[in-house]
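Structural overview
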Amino acid sequence: MRKNIVAGNWKMNTTVPEGVQLAKEVCEAVCAAQDLKCDVIVGVPFTHLCAVKGAICEKMGLAAENCADHEKGAYTGEVSAAMVASTGADYVILGHSERRGYYNESIEMLKTKVDLALAAGLKVIFCCGESLDERKAGTHFDVIKNEIAGSLFHLDAEAMGRIVIAYEPIWAIGTGETATADQAQEIHKFIRGILAEKYGAQVADDTTILYGGSCKPSNARELFAMPDIDGGLIGGASLKAADFMGIVTAF
Ligand code: PGA
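Attention here is on the structure that accompanies the text. (Residues numbered from 1 in each chain as written. Predicted model: local features only at pLDDT ≥ 70, side-chain atom pairs only at ≥ 80, totals over all residues. Heavy atoms only, no water.)

For the rest of this paragraph, the subject is the sheet that holds strand β4 (residues 91–94). Spatially, eight strands are ordered β1-β2-β3-β4-β5-β6-β7-β8 in a closed barrel, and the strand pairing comes out parallel. Each neighbouring strand pair of the sheet contributes to a mean axis angle of 25°, computed without reference to strand direction. (Pairing = 2+ DSSP bridges. Helix = DSSP H or I, 4+ residues; strand = E, 2+ residues; numbered from the N terminus. Axes fitted to C-alpha atoms, helices over the stretch in contact; angles between N-to-C directions.)

This is the structure:
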């Protein structure tokens, strides 16, 4: 059975004390909530991992927002998957469109990062999604299939079990413009279909597929009600505990 997950992606926001405070508020709310229907994860900057790990309880998961594409060595300023794992983080977010777009992360590089993350014992939240131009040109299905197949389809079924996929249409990220629940469901169903083709129905059924892109308390319920949407990857609305919890409790 696949899990429902709501994961925050803080991006480059908050100082360490601010982040610790936010994580504590979220954790208190998670612990106080009855009957949560989803796992709750916070994705935080590298600098925050250790402190946030100390501020949350075992009811919550912790994610880094990136890791290096090398195992270790002379890569000044980089942070390896093993370093991330050693903070107590459970997950790493890979392939976010901001990393693909601003830092030229290629499908091939992400394949390497996925392998290094899994080898370090991390689970991966793997992001994919099309730009507005790609959607207008009708190539969005191909774009998503290429991103997933190119960086993940070398994995065996056991390794695929440690991947969460996040569909994040670039035109919906931080823009206030959400994909409609039907638009998101169409893509999530497509993703589950390509997983089924490659790995069989069981793996496809067991894979958690999140939606991301201007998800907020007011639209989360409608999105999460869709049969193939198993939760969200939340940017802006994860920076206020009340907004984030409004999404967590939408299940
Ligand atoms: P947003 O970001 O919720 O602010 O649109 C989502 C994401 O980029 O993960």
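From this point, the narrative continues.
In terms of nonpolar packing, the biggest core is built from 71 residues, with I148, L152, I163 and I191 touching the most fellow members. A total of seven residues in this core trace back to one element, the largest contributor, which is helix α9 (residues 181–199). Beyond its immediate chain neighbours, meaning those up to four positions away, I191 contacts C128, I144, I148, I165, Y167 and I209. By size, the runner-up hydrophobic cluster in this structure holds 12 residues, among which are I5, Y91, I125 and V164. (Core = buried A, V, L, I, M, F, W, Y, C linked by side-chain atoms within 4.5 Å. Buried < 20%, exposed > 50% of the residue type's maximum accessible area, 1.4 Å probe, protein only. Contact = heavy atoms within 4.5 Å.)

Moving on, we come to the site of the ligand. In the vicinity of the ligand there are 13 residues, among which K11, H96, E168, G174 and S214 approach most closely. N9 places a side-chain nitrogen or oxygen 3.4 Å from an oxygen atom of the ligand. Here an oxygen atom of the ligand and a backbone polar atom of S214 are 2.7 Å apart. In the complex, the protein chains occlude 95% of the 280 Å² of accessible area that the ligand would expose alone. Of the residues that constitute the shell around the ligand, the class distribution is four nonpolar, seven polar and two charged. (Near = heavy atom within 4 Å. Polar contact = N/O pair within 3.5 Å; in protein donor to acceptor, adjacent residues only side chain to side chain. Areas by Shrake-Rupley, 256 points an atom, 1.4 Å probe, with all protein chains shown as cover. Nonpolar A, V, L, I, M, F, W, Y, C, P; charged D, E, K, R; others polar.)

Looking at the element boundaries, E147 is found in helix α7 (residues 140–152). The class for E147 is buried, based on a relative accessible area of 10%. When near neighbours in sequence (up to four residues on either side) are disregarded, E147 contacts R100, I107, F126, C128 and G129.

Turning next to α9. Counted at 1.5 Å a residue, the expected span for α9 with its 19 residues is 27 Å, and the 26 Å between its end C-alpha atoms agrees. Among all positions in α9, only A181, A184, Q185, I187, H188, I191, R192, I194, L195 and Y199 are buried. Backbone geometry just downstream of α9 places G200 in the positive-phi region, at approximately 95°. (Expected span 1.5 Å × (residues − 1).)

This paragraph deals with helix α1 (residues 16–32). Taking 1.5 Å as the rise per residue, α1 with 17 residues should run 24 Å; its terminal C-alpha atoms sit 24 Å apart, in good agreement. Along α1, the positions that sit buried rather than exposed are G19, V20, L22, A23, V26, C27 and V30. End-on view of α1: buried residues confined to an arc of 165°, all on one side of the axis. Exposed residues lying more than 90 degrees from the buried face of α1 are P17, E28 and A32. At its buried positions, α1 is contacted by β2 (39–44), α2 (49–55), β3 (60–64) and α12 (241–248). (Arc of directions from axis to C-beta.)

On to the environment of V52. Along the chain, V52 falls in helix α2. On the accessibility criterion, V52 (0% relative accessible area) is buried. In this structure the C-alpha to C-alpha distance between V52 and G19, which are 33 residues apart in sequence, comes to 7.1 Å.

This paragraph deals with the packing of aromatic side chains. Going through the model one piece at a time under the given rule, you end up with five aromatic pairs. Consider the rings of F141 and F190, whose centres lie 4.9 Å apart with planes at 70°: the pair is edge-to-face. You can see F141 sitting in helix α7 and its partner F190 sitting in helix α9, a full 49 residues away along the chain. Given a relative accessible area of 24%, F141 falls into the partly exposed group. A cation over an aromatic ring shows up here: R99 above the ring of Y103, its NZ or CZ 4.2 Å from the ring centre. (Phe/Tyr/Trp six-rings, centres within 6.5 Å; stacked < 30°, edge-to-face > 60°. Lys NZ or Arg CZ within 6 Å of the ring centre and 35° of its normal.)

Next up on the list: the packing of helix α5 (residues 107–119) against α7. At a minimum axis distance of 8 Å, the contact between α5 and α7 shows a crossing angle of 45°. By the criterion of interaxial angle, the relationship of α5 to α7 is oblique. The handedness of the crossing between α5 and α7 is right-handed. Counting all contacts with α5, which are made through I107, L110, K111 and V114, the residues of α7 involved are N146, E147, G150, S151 and L152. Per-class residue counts for the contact of α5 with α7 are four nonpolar, three polar and two charged. (Parallel < 35°, antiparallel > 145°, perpendicular 65-115°, else oblique. Left-handed = near helix turned anticlockwise from the far one by under 90°.)

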